[in-house]
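# Structure assessment
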Amino acid sequence: MAVSTTSAPITYATRVDKVGARYQFTRALRIAVVVLYATISLIPVFWMVTAAFKSRPDVVAIPPKVFFTPTIEGFISLLTKRVLLPPGMMEEYKQRTDLNFAERIMAERGQRITGPSQYGQRLLNSVIVASASTVLSVLLGVLAAYAFSRFNVPGKGDLLFFILSTRMLPPVVVTIPIFLMYQQLRLYDTHLGLILLYTVFNLSFAVWLLKGFIDEIPREYEEAALVDGYSRLQAFRKVVLPQAITGIAATFVFCLIFAWNEYAFALMLTSERARTAPPSIPTVLGTGGIEWSAIAAGTLGFLVPVIIVTFALRDYLLRGVTFGALRK
Amino acid sequence: MATVELSHITKKFGSVTALNDVSFTVKDGEFFVLLGQTGAGKTTTLRVIAGLEKQDAGEVLFDGVPVNDVTPAERDTAFVFQYYSLYPTMSVYDNLAFPLRAPGRNLSEAEIKQRVHEAAERVRITHLLQRSTRNLSGGEMQRVALGRALVRRPKIFLMDEPLSNLDAKLREALRIELNRLQREAHSTTLFVTHDQIEAMTLADRVGVLREGVLVQVGTPREIYDFPATTFVAKLVGVPRINLYNAARADGMIRVPDSTIQLPAPMHVGLPESFTLGFRPEDVQITPDGDLSGQITLLEPLGVETIVHIRSGRQSLLSTVSGIADFSIGSEVRYRIVRERLHFFDRKTGRRLSLN
């Protein structure tokens, strides 16, 4: 009997459960919810970014302007110190030919630039304090977590609880005693003081988080390395660390964000030399009123480094905890 | 290569005794298999030898020299693990090279390369060397793991059920390969398994572990033909041995609730009540058999057929070569090979030595 009937090729890739109306509807619903959530959470960011580029009248305009002529006034006022010139002197000042780009813009607002502001210095302080304390927390955290995960540390359970208990009260509660201690120890208004403090706060978090990640790595790998002729520390470095990289990256980002954003202690424990960005940005007071666009510009500049780090590490953050040659 | 001796090793984990006074010697170039069920202490034994676990009492000796306080790195053993056998962040080549790159060894990269290729050839993974370990199949992974052990030329190979996670076909293929490798290299090997087939086929000698106690050490033949306890008798042999509570009276051995009765051997020392054992292949189905029963089940395996025979309220297993032409429910006559009966103490399960 001849086979004469031919039919259209079947597309096996089409999954029956993914073409039905019900599936299409729930899919659309899910996307809608995600988009809505993203929109709501991005509104403040959008507000901030636009405010940073608005002129002084635009930023306080009611109703808020969505379309406006962008200006970098906000950034200039953020980065400079200025004086207000009386109208008479202003005319004369404007006539000068040696004014640079920024000075011209500010001259339009009747202000004369007298020097750079402290914003750059404060941002640098933030970078120093946050990165040093993060590196320190992760470094100490990964060693402690490894020990807790692998060795019979006497009183292990109690120690772990004790470490966790440092997070059980709001840090602000201890600001006054720490302030007094820091004055005695001459750690007040020093980078070291903030680095130590942030490390202490982050360490408990780092230990617990990293212990979870290291617990997931089977001991067999290190033991294989031990038998293969490596010492415990070498095995840790060559076999455990490469596998813990996901956890280390995640811990790094969380610690960095905490140290970077910390406000209360930075406000209490620093004044001039070591003051970080968070307590200084809201105090950008202009001549005659709050400089909203300068504050927005400052916040924007403050966000950029942490966004860069998070994006740089996002592959590690998203990757699964266990990967590679596992068989179960 | 070396001789490895365990002398009165005891190891406890909390209140659990993992190894209880275990002593045995793996001779130079010998393939020694530790056979036992899960939790018998097989892996612990390997870990004690490798130095990953410290025994509570007893001594480990390599070539007669105690190594109790020698670090794992300095003991120069190679360990093939059951799971997680490869470093997941490294390529196959780097996995093989890793033991050679250990700080104490001081080998040049050229030398390492040569030895890696040599080992890779022996386990037939040369084509995989540049691959990441991530996309290897289970069989390839264990071959790489074997290669990583071979590359070092260690004093002793310690293998912790390296085949148990593979499917049946692959396990058989790798078992043959392992056998070939070991015969070629005459490497001292301690191989741990719960699979009696692996033990029987690979071993020069087998040690049977039960709950941390070494029950019997012997060649596969000794273990099979003269099991020291009912436990060993049951552990080795497929299909399993027939075991019954039996009684001796009037010069006959009788199995209660059945028609099985055999003339008692002329030995002295057989108690009135004991455990009787005989292997399925020693139950021969033949028309002139002196015993009879009813066939209740047939399991044709191709090579042989397992015949389940009921006798009274007892049932026994017999094997027949090829696919047997019986029908379920029919009466059958059989006889039991008298010379190959096993007698065990009913209480302790120990083999009764009759003279």
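Since this is a predicted model, take the numbers as computed values, not measurements. (Residues numbered from 1 in each chain as written. Chains lettered and ligands numbered in written order. Predicted model: local features only at pLDDT ≥ 70, side-chain atom pairs only at ≥ 80, totals over all residues. Heavy atoms only, no water.)

Secondary structure summary: chain B contains nine helices and 20 strands in total. If one aligns the C-alpha atoms of chain B with their principal axes, the spans along those axes are about 75 × 45 × 35 Å. Among the 355 residues that make up chain B, the fraction classed as buried is 53%. For chain B, restricting intrachain contacts to residue pairs at least 6 apart in sequence, the fraction spanning at least 24 positions comes to 66%. (Helix = DSSP H or I, 4+ residues; strand = E, 2+ residues; numbered from the N terminus. Buried < 20%, exposed > 50% of the residue type's maximum accessible area, 1.4 Å probe, protein only. Contact = heavy atoms within 4.5 Å.)

Residues and elements named next belong to chain B. Segmenting chain B into domains produces domain 1 (4-227) and domain 2 (242-344). Just the C-alpha atoms count here: the centres of domain 1 and domain 2 sit 40 Å apart. Of the roughly 400 Å² buried between domain 1 and domain 2 on both sides combined, carbon and sulfur atoms contribute 42%. Looking at the side of domain 1 facing domain 2, the largest losses of area belong to Y224, D225 and P227, adding up to 98% of the total buried there. Inspection of the region where domain 1 meets domain 2 yields one salt bridge. Notably, a salt bridge pairs R340 with D225, separated by 3.6 Å at the nearest N-O pair. On the surface where domain 1 and domain 2 come into contact, there are two residue pairs in polar contact (both at pLDDT 80 or more). (Domains from an automatic or database assignment. Buried area = accessible area lost by both parts, 1.4 Å probe. Salt bridge = Lys/Arg side-chain N within 4 Å of Asp/Glu carboxyl O. Polar contact = N/O pair within 3.5 Å; in protein donor to acceptor, adjacent residues only side chain to side chain.)

Residues and elements named next belong to chain A. Checked against the element boundaries, M48 lands in helix α1 (residues 21-52). Since its relative accessible area comes to 13%, M48 is described here as buried. Separated by 249 residues in sequence, M48 and A297 place their C-alpha atoms 7.8 Å apart.

The subject of this paragraph is unusual backbone geometry. Cis geometry is adopted by the peptide bond preceding A:P63, which originates at A:I62 and carries an omega value of -5°. In this structure, A:P63 sits in the loop between α2 (56-59) and α3 (73-79). Cis geometry is adopted by the peptide bond preceding B:P239, which originates at B:V238 and carries an omega value of -5°. Locating B:P239 in the fold gives a position in the loop between α9 (230-235) and β11 (242-249). Even without a glycine there, the phi angle at B:H186 is positive, about 50°. As for its position among the elements, B:H186 is in the loop between α6 (168-185) and β8 (189-193). A relative accessible area of 53% means that B:H186 is categorised as exposed. Notably, B:D250 is not glycine yet its phi reads approximately 55°, a positive angle. Looking at the secondary structure, you find B:D250 in the loop between β11 and β12 (252-254). In this structure B:D250 comes out as exposed when scored by relative accessible area, which is 74%.

This part covers the packing of α1(A) against helix α14 (residues 292-312) of chain A. Packed helices, taken two at a time, are described by the angle between their axes plus the distance between the axes. All names here are of chain A. Running from N to C, α1 and α14 cross one another at 120°; their axes reach a closest spacing of 7 Å. On the basis of the axis angle, α1 is oblique to α14. Crossing of α1 against α14: the hand is left-handed. Of α14, the residues touching α1 (which contributes M48, V49, A51 and A52) are S293, A296, A297, T299, L300 and L303. A breakdown of the residues in the contact of α1 with α14 according to their chemical character gives eight nonpolar, two polar and no charged. (Axes fitted to C-alpha atoms, helices over the stretch in contact; angles between N-to-C directions. Parallel < 35°, antiparallel > 145°, perpendicular 65-115°, else oblique. Left-handed = near helix turned anticlockwise from the far one by under 90°. Nonpolar A, V, L, I, M, F, W, Y, C, P; charged D, E, K, R; others polar.)

Right, let's talk about the pairing of strand β1 (residues 4-13) of chain B for a bit. All names here are of chain B. Both β1 and strand β2 (residues 16-26) contribute to a ladder of seven bridges, which runs antiparallel. Across the sheet, the residue bridging to K11 is L19, located in β2. Count of turn residues in the β1/β2 antiparallel hairpin: two residues, of which G14 carries a positive phi of about 65°. (Pairing = 2+ DSSP bridges.)

Next up on the list: the pattern of salt bridges. Residues and elements named next belong to chain B. Applying the stated criterion to the full structure yields 27 salt bridges over all chains. A salt bridge links D195 to R171; its shortest N-O distance comes to 3.8 Å. Linking D195 in the loop between β8 and α7 (196-202) with R171 in helix α6, this pair joins segments that are 24 residues apart in sequence. For D195, a relative accessible area of 15% gives the class buried. Take R171: its relative accessible area is 23%, and that puts it in the partly exposed class.

All names here are of chain A. Together, L42, V45, V49, F53, I72 and F101 give the surface a local cluster of nonpolar side chains, amounting to about 490 Å² of exposed area. In terms of residues, the nonpolar patch owes the most to one element, α1, which gives three residues. Relative to the helices and strands, F101 resides in helix α5 (residues 101-108). (Patch = residues over 30% accessible without salt bridge, like charges linked within 9 Å, V, L, I, M, F, W, Y side chains within 5 Å. Areas by Shrake-Rupley, 256 points an atom, 1.4 Å probe, with all protein chains shown as cover.)

With that settled, consider the packing of aromatic side chains. All names here are of chain A. Under the criterion given, the structure shown has 16 aromatic pairs over all chains. Summarising the aromatic geometry, the rings of F205 and F254 are spaced 5.9 Å apart at their centres and angled 85° between planes, so their arrangement reads as edge-to-face. Of the two residues, F205 is situated in helix α9 (residues 191-216) and F254 in helix α11 (residues 232-261); the sequence distance between them amounts to 49 residues. Residue F205 is classed as partly exposed on the basis of its relative accessible area, which comes to 26%. (Phe/Tyr/Trp six-rings, centres within 6.5 Å; stacked < 30°, edge-to-face > 60°.)

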